[in-house]
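Here's the letter readout for the chains.
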Amino acid sequence: MIPLSYFLILSAVLFVLGAVAFFVKRDLITMFMAVEVMLNAANLAFITFAKSASSIDGQIIVFFIVTVAAAEAAVGLAIILLIFRQKKTIKSEDINLMKG
Amino acid sequence: MAHFLFFLLAIVCIASVLGMIISKNQAYNALFLVLAFACMGGFFALLDAPFIAVVQIIIYAGAIMILFIFVIMMINLREGLPPERKKWTLYFALGIAVVLFVELILTMKSAFSSLKSGGIEKIGSPTDIGRLLFTEYLYPFEITSILIIAALVGAIVLVKKRDKE
């Protein structure tokens, strides 16, 4: 039996790695992927606590998170595509329309 | 056996996320992420959630990453990817990472003691999830379908090429 705390620590590590990737990377698509990694780390924590509580509700919530993430990916990638069409770049620094 | 599987999956998962951070090629990044998500499906299976594990692999590693790969294909950067950020951004990110990690572990430490390994009874069979989804969680389920339709329409409207008026 694997201690459940291992899973929690792993989810913390993955979340932090996702945050680092978000800050370090410069292209929008990879930054978006980093957000997906963070969502997955949260899912892992949800499933771990569901197992700990012997309750199925955590798994249902993860199911909803996955569907919402799919919708979010569709809209987010459409926005990235639109930005690329208009500005011919996906560098995050070049998208500075609202910079004072 | 379970321990061996856990550590194998954990090493592969963390290594592929690290690979995503290091690699500069977007297509490779997407493939690294597919590997990481597949490992995550393995963790879910280890935690008595077979249905969620399958959903993870089909929707995340399948559908969502295919979407990413299609967009990478369409964007087709000619001049290649921009160079990495300035040095201080990396140090800044590492500092934030350390702070965040310590914070997360401190928060979780209180939960460690109350973590029970759960009963031996199997939870998370597709039957249970389906029953709960269509009784107690019926409204969220239906709202999710509306959300998906809205996202679908939104994505199509956003990307559609408009005629010149």
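Residues numbered from 1 in each chain as written. Chains lettered and ligands numbered in written order. Predicted model: local features only at pLDDT ≥ 70, side-chain atom pairs only at ≥ 80, totals over all residues. Heavy atoms only, no water.

Draft legend 1. Region of interest: the environment of B:Phe101. Looking at the element boundaries, B:Phe101 is found in helix H4 (residues 87–114). For the pair B:Phe101 and B:Met1, spaced 100 residues apart in sequence, the C-alpha to C-alpha distance is 29 Å. Sequence-distant contacts of B:Phe101, that is, excluding residues within four places in its chain, are made with A:Ala12, A:Val13 and A:Val16. (Helix = DSSP H or I, 4+ residues; strand = E, 2+ residues; numbered from the N terminus. Contact = heavy atoms within 4.5 Å.)

Draft legend 2. Region of the structure containing the side chain of B:Asp48. Among the secondary structure elements, B:Asp48 is positioned in the loop between helix H2 (26–46) and helix H3 (50–75). Given the relative accessible area of 13%, B:Asp48 is considered buried. A polar contact is formed between the side chain of B:Asp48 and the side chain of A:Lys51, at a distance of 3.0 Å. (Buried < 20%, exposed > 50% of the residue type's maximum accessible area, 1.4 Å probe, protein only. Polar contact = N/O pair within 3.5 Å; in protein donor to acceptor, adjacent residues only side chain to side chain.)

Draft legend 3. Local environment of unusual backbone geometry. Of note, the phi angle at A:Ser54 is positive, near 50°, even though the residue is not glycine. With respect to the helices and strands, the residue A:Ser54 is situated in the loop between helix H2 (28–52) and helix H3 (57–87). You will see that B:Asp48, though not glycine, has its phi angle at about 65°, which is positive.

Draft legend 4. Examining the interface of chain B and chain A more closely. Facing the 83 residues of chain B at the interface are 75 residues of chain A. Here chain B packs against chain A, burying approximately 7,200 Å² in sum over the two surfaces, 80% of which is carbon and sulfur. A:Lys51 is paired through a salt bridge with B:Asp48; the nearest N and O atoms lie 3.0 Å apart. Between chain B and chain A we count 11 residue pairs in polar contact (both at pLDDT 80 or more) in total. Top contributing element to the side of chain B that touches chain A by residue count: H4(B), with 14 residues. Of the residues that constitute the side of chain B that touches chain A, the class distribution is 62 nonpolar, 12 polar and nine charged. (Buried area = accessible area lost by both parts, 1.4 Å probe. Salt bridge = Lys/Arg side-chain N within 4 Å of Asp/Glu carboxyl O. Nonpolar A, V, L, I, M, F, W, Y, C, P; charged D, E, K, R; others polar.)

Draft legend 5. Region of the structure containing H3(B). Here H3(B) spans 36 Å end to end across 26 residues, near enough to the 38 Å set by a 1.5 Å rise per residue. Within H3(B), the full set of buried residues consists of B:Ile52, B:Ala53, B:Val55, B:Gln56, B:Tyr60, B:Ala61, B:Ile64, B:Met65, B:Phe68, B:Val71, B:Ile72 and B:Ile75. Those residues of H3(B) that are buried lie in contact with H2 and H3 of chain A together with H2 and helix H5 (126–134) of chain B. Backbone geometry just after H3(B) places B:Asn76 at a positive phi near 45°. (Expected span 1.5 Å × (residues − 1).)

Draft legend 6. Local environment of the packing of aromatic side chains. Applying the stated criterion across every chain yields a total of 15 aromatic pairs over all chains. Each residue in the set A:Tyr6, A:Phe7, B:Phe6, B:Phe7 and B:Phe43 is aromatic and connected to the rest through ring pairs, giving one cluster. Against the face of A:Phe84 rests A:Lys88, its NZ or CZ located 5.8 Å from the ring centre. (Phe/Tyr/Trp six-rings, centres within 6.5 Å; stacked < 30°, edge-to-face > 60°. Lys NZ or Arg CZ within 6 Å of the ring centre and 35° of its normal.)

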